[in-house]
Amino acid sequence: MICLENVTMGYGRRTVLDRFSLTLPETGVTILRGPSGCGKTTLLRLLAGLERPEEGSISGIVLGETAFLFQEDRLFPWRTAKQQLTDVLPRQRRGEWHKWLALTELEGEGERYPAQLSGGMARRLALARCLALGGRLFLLDEPFSGVDTDRARRILMGIRELQLPVILTCHDQALLPLAHRVVELDGPPLKLICGDLS
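An account of the accompanying structure is given in this report. Keep in mind that this is a model prediction, so the values were computed, not measured. (Residues numbered from 1 in each chain as written. Predicted model: local features only at pLDDT ≥ 70, side-chain atom pairs only at ≥ 80, totals over all residues. Heavy atoms only, no water.)

What follows deals with the sheet that holds strand E2 (residues 14-24). With antiparallel pairing, three strands are arranged side by side in an open sheet as E2-E1-E4. Of all strands in the sheet, those bounded by a partner on one side alone are E2 and strand E4 (55-59). Ignoring strand direction, the axes of neighbouring strands in this sheet form an average angle of 25 degrees. Pairing geometry for strand E1 (residues 2-11) and E4, over four bridges, is antiparallel. Bridge assignment links Thr 8 to a residue of E4, and that residue is Glu 55. Across the face of the sheet, helix H1 (residues 40-48) comes into contact with E1, E2 and E4 while running at roughly 120 degrees to E1. (Pairing = 2+ DSSP bridges. Helix = DSSP H or I, 4+ residues; strand = E, 2+ residues; numbered from the N terminus. Axes fitted to C-alpha atoms, helices over the stretch in contact; angles between N-to-C directions. Contact = heavy atoms within 4.5 Å.)

Written as structure tokens, this is what we have:
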């Protein structure tokens, strides 16, 4: 289990989490849902070890074994779609690059550069790279921003079929039924409204 216990975190005078506690399974797809600015991104950054709590503790995560998708695509403009993936794949798995392009519905785009892709395609490529990176847990911050709902549903279904452990933030209500659990949040400071955490 992933456990946050009485975690406090803020930026300057702005408190984002105030003695916040949450327990989540390490399996399946978990969607964190809440209004913009409530603290979802900060929560993901804490889980990834990119931020440290001022107080409280986080357990159940092995730092360095998570894959994090930022809200920004952060693609290398001088690398093709294929190269973005082979750059992060271990040598023995580099032949898998096409698998991740297929999952994110980017077949045939392997030789294109980020500047040649639409915003939604670039977002899907960033997601593909994150998934190819591997890890014990995938933390995805708005992975379907700019992606149409039907395509996002197909991709999320594909992720489910691979049985990847994922925690993601999402505003698209149509994707909620595909999650194993949905955690409703509000804030700041971040607070749990409801959620099926089984």
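There's plenty left to go through after this.
Once that is clear, we can look at the state of the cysteines. Tallied over the full model, the rule gives zero disulfides. Between Cys 38, a free cysteine, and Cys 170, which holds the nearest cysteine sulfur, the sulfur-to-sulfur gap is 13 Å. (Disulfide = S-S within 2.5 Å.)

Now for unusual backbone geometry. Looking along the chain, the bond that leaves Gly 187 and enters Pro 188 is cis, with omega of 0 degrees. Turning to its location among the elements, Pro 188 is positioned in the loop between strand E8 (181-186) and strand E9 (191-195). The omega torsion across Pro 188 and Pro 189 is -10 degrees, close enough to zero to call that bond cis. With respect to the element layout, Pro 189 can be found in the loop between E8 and E9. Positive phi values are uncommon outside glycine, yet Arg 74 reaches one of about 55 degrees. Topologically, Arg 74 is positioned in the loop between strand E5 (66-69) and helix H2 (81-86). Even without glycine at this site, Glu 105 takes up a positive phi of about 60 degrees. Secondary-structure assignment places Glu 105 in the loop between helix H3 (97-103) and helix H4 (119-133). Judged by relative accessible area, Glu 105 falls into the partly exposed class, the value being 22%. (Buried < 20%, exposed > 50% of the residue type's maximum accessible area, 1.4 Å probe, protein only.)

This brings us to the pattern of salt bridges. According to the stated counting rule, one finds 12 salt bridges in the structure shown. Across the pair Arg 79 and Asp 87 runs a salt bridge whose closest N-O atoms are separated by 2.8 Å. Taking the relative accessible area as the measure of exposure, Arg 79 reaches 24% and is therefore partly exposed. A residue is classified by how much of its surface remains accessible, and Asp 87, at 38% relative accessible area, is partly exposed. (Salt bridge = Lys/Arg side-chain N within 4 Å of Asp/Glu carboxyl O.)

Relative to the helices and strands, Glu 109 is located in the loop between H3 and H4. Within the structure, Glu 109 has its side chain in polar contact with the side chain of Arg 112 (distance 2.8 Å). Not counting residues up to four positions away in its chain, the partners in contact with Glu 109 are Ala 81, Leu 117 and Met 121. (Polar contact = N/O pair within 3.5 Å; in protein donor to acceptor, adjacent residues only side chain to side chain.)

Attention shifts here to the pairing of E8. Regular strands have side chains that alternate between both faces of the sheet. The buried fraction of E8 amounts to five of the six residues, a majority that puts the element mostly inside the structure. Two elements, strand E3 (residues 29-33) and E8, share four bridges in a ladder whose sense is parallel. Paired with Ile 31 across the two strands is Val 182, which belongs to E8.

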